[in-house]
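Inside the fold
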Amino acid sequence: MSKEIVKPTTLPGFLELLPEDQILFNKIKDTIRQTYEKHGFIPIDTPLIEKSEVLLAKGGGETEKQIYRFTKGDTDMSLRFDLTVPLARFVAQHFQELTFPYRRYHIGKVYRGERSQRGRFREFYQCDVDIIGNGKLSVIYDAEILSIIYHTFINLGFEDFTIRINNRKILNGFFDSLNITNTADVLRSIDKLQKIGAKGVSSELIHIGLSTKVIDKILNFIKIQGSGEEKLQALISLNIENQTFKEGIEEISTVIGYVKSFGVPEKNYIIDLTIARGLDYYTGTVYETFLDEYPEIGSVCSGGRYDNLAEYYTTQKLPGVGVSIGLTRLFYQLKEAGLLGKNTPSTLTKVLVIPMDESFNEYSIKIANSLRENDIISEVYFGNVKIGKKLNYANKLNIPYTILIGEEEIKNWKVSLKDMTTGSQEIVTLDNAIKTLK
RNA sequence: GUGGGUAUAGCUCAGUUGGUUAGAGCGCCAGAUUGUGGCUCUGGAGGCCGUGGGUUCAAAUCCCACUAUCCACCCCA
C-alpha cells in the first residue's frame, strides 16, 4: 500500500447516500416536486453561490456566523444558506418579467457552517414553495399553503401528522398589550413549550426579566385548550383592545374557514398558540408540521406569512406566504425511525440482459434497445465472466428479472426470461417478455 | 460560541487486573466437474489498535497533548 493514498472521507455535516438510500431519497424528492407542480408552482433554480452583499443584505445575527463566505479574486461571495433570500433577490431583480401572484417552488441544497449533530447538516436540501403577491396577497393563500403541506405529506404516504398553525399578529398583539418589548426572546421561550414544558418556559421568562404577573398571563394564554373554534372564542373573550391582536384572530379565522374547502381533514391541523418560529421575518400565519407518532423528530415542514419579502432589494412591497421542507433532515430522521422501506432495490434496473458468451453481445444490445423503447429499464452485463457472476450481480442489486441470451435463444429469435425472485425461467418471444415486464 | 463522550478490518463492534502470533459477525474474493444466482460448506485477502509523546521488563489496554469524529446546549430545516 502506497503511503500517498488520501483517506477518502467527506467533511462533517455533509451527507451522502448509498445507492439504495439515494433511490429512496430521490423518490421522496420527486413526490414533493410533483405535488408542488400539481398545484401550479413554477420551478426556479438560482445559483448556489451569490454575492455576499446580496445574501448578507439583512445583516447581523446567526447568519453571518454560519454562512460559508470566501473570496475569489476580488469577488466576495457566499454559499446560500436558505432559498428564501435568493428568492427575494430573484423576485426583486426580475420583478418586471414575473406575473403576480408569483407561485414558485425551489428544491435545492443550502449550506450552513454549523456544528454538526444528529439530524443537523451543513449541506442540506430545502423544498420551498412560496406565493408572492404584488402589493397585496389574499390571506386565502395562507389556507392554500396549509393544504399544500397536507397533500404533500399525504402523497409521501403519511396519514398521522398535524399541521400546527398560529398567527404572529396574535402573539405580537398580545405581547404589545402586556408592554413586552423583547418579543423575540419571549417567542423563543414559548416556542420551546413542547420541549421544556410550562415550568421551563416560566423559568426562562423569569430569566428574561418579566414580572410574575406578566408571566402568569403568558402561561394562561399558551394554555388555552379546545377545538379551533373554542380557542378562537377564548382569545376573543380575553378582550384585548389591540388592533394587531384582532387582525391576527381575523386572519386565522379566515384560514381555518377555507382550509376545509381545500380538502384538509380536521384531524390534520390545529391552532397552536405556542408555535412562533424562530425567524423574525414572519408577520402573520405560521406553520409547523409534526408526525404524530414521532414527535421527537420535530417539525418536518414549517414556514409562514411575511409582509415584505424583498425589502432589501427593492422598494416594491412584496408580501408572500410559503413553507419549506427540510428534506435532508426529514430523510435522515425517517431512516433513523425505521420508517423507510426495507429490502428496497439498489438500482432502478428492471431487467438485466446476460449474454452467455461474448459472441452474443450484439444480439443482447439489440434486445436491451427494444426493452428501452418499451420503457423498460434495462442494462447488459458485458465481460467474459461466468454466468453465475452475472446472475449474482442481478441478485445483489435486487434486479427482479434477467434475460439470458445464448445460442438456443438466438436460433429461435427468442429470449430466456428469468424471474429472479421465484427462480423460474422460460423461453419466450421478445414481445411476450416485454408484456410480462411491463 | 459552551459542555460531555468516542477513536481497533470496508461496516457494526469484542478485546479480561497491562502479558507474547489482535478477534467475531456482516461484507469482499476464490472454489465445491466450465448454460444459471440466492442457501450451505471450504479456503483467502484485508489492521502502524487515529497521530505524537510519556509511564513500564512489557501498552490496543494507564497518563498527557494533538487531530478527527459524535452528542447536548445556543440557534435552526
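Given the structure is predicted, the values throughout are model-derived calculations rather than measurements. (Residues numbered from 1 in each chain as written. Chains lettered and ligands numbered in written order. Predicted model: local features only at pLDDT ≥ 70, side-chain atom pairs only at ≥ 80, totals over all residues. Heavy atoms only, no water.)

A few words on the environment of leucine 171. Mapped onto the secondary structure, leucine 171 falls in helix H6 (residues 168–177). On a C-alpha basis, the gap between leucine 171 and threonine 274 in space is 8.8 Å, while along the polypeptide they are 103 residues apart. When sequence neighbours within four positions are dropped, the list of residues in contact with leucine 171 reads Asn166, Leu187, Phe221, Leu273, Ile275 and Ala276. (Helix = DSSP H or I, 4+ residues; strand = E, 2+ residues; numbered from the N terminus. Contact = heavy atoms within 4.5 Å.)

Running from N to C, helix H1 (residues 19–38) and helix H5 (residues 140–155) point in directions that differ by 140°, and their axes come no closer than 9 Å. Regarding the angle of H1 to H5, the classification is oblique. Crossing angle aside, the handedness with which H1 passes H5 is right-handed. Contact with H1, carried on its side by Thr31, Ile32, Thr35 and Tyr36, involves Ile148, His151, Thr152 and Asn155 of H5 and no other residues of that element. Taken together, the residues of the contact of H1 with H5 break down into 3 nonpolar, 5 polar and no charged. (Axes fitted to C-alpha atoms, helices over the stretch in contact; angles between N-to-C directions. Parallel < 35°, antiparallel > 145°, perpendicular 65-115°, else oblique. Left-handed = near helix turned anticlockwise from the far one by under 90°. Nonpolar A, V, L, I, M, F, W, Y, C, P; charged D, E, K, R; others polar.)

Interfaces are frequently sized by the accessible area removed from exposure as the parts join. Domain annotation for chain A reports domain 1 (19–336) and domain 2 (351–437). The C-alpha-based centres of domain 1 and domain 2 are spaced at 50 Å. (Domains from an automatic or database assignment.)

Position of glutamate 251 relative to the elements: it lies in helix H11 (residues 243–259). Side chain to side chain, glutamate 251 and lysine 169 meet in a polar contact 2.5 Å long. Those residues within four positions of glutamate 251 in sequence are excluded, and the remaining contacts are Val139, Asn167, Lys169 and Gly284. (Polar contact = N/O pair within 3.5 Å; in protein donor to acceptor, adjacent residues only side chain to side chain.)

So, about the sheet that holds strand E4 (residues 75–79). Remark on secondary structure: sheet strands pair via backbone hydrogen bonds, oriented parallel or antiparallel. Spatially, E2-E4-E3 is the arrangement adopted by the 3 strands of the open sheet, whose pairing is antiparallel. The open sheet is flanked by strand E2 (49–51) and strand E3 (69–72), the only strands paired with a single partner. Averaged over all pairs of adjacent strands, the angle between their axes in this sheet comes to 40°, without regard to strand direction. In this structure, E3 lies alongside E4, joined through 4 bridges in antiparallel fashion. Each residue of the ladder has a partner; that of threonine 71, found in E4, is aspartate 76. (Pairing = 2+ DSSP bridges.)

A separate point is the packing of helix H7 (residues 183–191) against helix H8 (residues 193–208). Contact pair H7 / H8: the axes reach a minimum separation of 7 Å and the direction vectors enclose 150°. The angle between H7 and H8 places the two elements in the roughly antiparallel class. In this structure, H7 uses Asp185, Val186, Ser189, Ile190 and Asp191 to contact H8, whose residues at the interface are Leu193, Val201, Glu204, Leu205 and Ile208. Looking at the contact of H7 with H8 residue by residue, the class counts come to 6 nonpolar, 1 polar and 3 charged.

Our next topic: helix H13 (residues 361–373). Its 13 residues give H13 an end-to-end C-alpha distance of 18 Å, which sits within 8% of 18 Å, the value for a rise of 1.5 Å per residue. Every buried residue of H13 is listed here: Asn361, Tyr363, Ser364, Ile367, Ala368 and Leu371. Looking straight down H13, one finds its buried side chains confined to an arc of 160°; they lie on one side. When the buried face of H13 is taken as reference, the exposed residues oriented beyond 90 degrees from it are Glu362, Lys366 and Glu373. Contact partners of the buried residues in H13: strand E12 (351–355), strand E13 (378–380), strand E14 (401–405), helix H15 (407–411), strand E15 (414–419) and helix H16 (430–437). At the C-terminal side of H13, aspartate 375 shows a positive phi close to 60°. (Expected span 1.5 Å × (residues − 1). Buried < 20%, exposed > 50% of the residue type's maximum accessible area, 1.4 Å probe, protein only. Arc of directions from axis to C-beta.)

The strand order across the open sheet formed by 8 strands is E1-E5-E6-E11-E10-E9-E7-E8, and the pairing between neighbours is mixed. Of all strands in the sheet, those bounded by a partner on one side alone are strand E1 (42–43) and strand E8 (269–271). Sheet topology places strand E9 (residues 285–291) next to strand E10 (residues 301–306); 4 bridges connect them, and they run antiparallel. Counterpart to valine 286 in the pairing with E10 is glycine 304. Contacts between helix H12 (residues 327–336) and the sheet are confined to strand E6 (123–132), E9 and strand E11 (320–326), with E11 contributing the most and set at about 40° to the helix.

Taken together, 41 residues form the shell around RNA strand B, and within it Arg112, Arg115, Arg118, Arg120 and Asn395 come nearest. Close to the protein, within 4 Å, the atoms of RNA strand B are drawn from sugar and phosphate at a rate of 50%. For RNA strand B, a phosphate oxygen lies 3.3 Å from a polar atom in the side chain of arginine 188. At 2.8 Å from a base nitrogen of RNA strand B is found a main-chain nitrogen or oxygen belonging to methionine 420. For the surface near RNA strand B, the secondary structure elements donating two or more residues are E6, helix H14 (387–396), H15 and E15. Taken together, the residues that form the surface near RNA strand B break down as 9 nonpolar, 13 polar and 19 charged. (Near = heavy atom within 4 Å.)

Let us look at the environment of tyrosine 68. With respect to the helices and strands, tyrosine 68 occurs in the loop between helix H3 (61–66) and E3. Spatially, the C-alpha atoms of tyrosine 68 and isoleucine 354 are 48 Å apart, while their sequence positions differ by 286 residues. When neighbours within four sequence positions are excluded, tyrosine 68 is seen to be in contact with Phe14, Met77, Ser78, Leu79, Tyr111, Arg112, Gly113 and Arg122.

What follows covers the packing of aromatic side chains. We describe a pair of aromatic rings using the distance from one ring centre to the other and the angle between the two ring planes. Evaluated as defined, the whole model comprises 16 aromatic pairs. Between phenylalanine 14 and tyrosine 111, the aromatic rings sit 6.5 Å apart at their centres with planes inclined by 40°, giving tilted as the arrangement. Note that phenylalanine 14 is positioned in the segment before H1 and tyrosine 111 in strand E5 (residues 102–111), a separation of 97 residues in sequence. Its relative accessible area of 22% is what places phenylalanine 14 among the partly exposed residues. With 5.7 Å between their ring centres and 45° between their planes, phenylalanine 153 and phenylalanine 161 make a pair best called tilted. Note on accessibility: phenylalanine 153 and phenylalanine 161 belong to one class, buried. Taken together, Tyr150, Phe153, Phe158 and Phe161 form an aromatic cluster joined through their ring pairs. (Phe/Tyr/Trp six-rings, centres within 6.5 Å; stacked < 30°, edge-to-face > 60°.)

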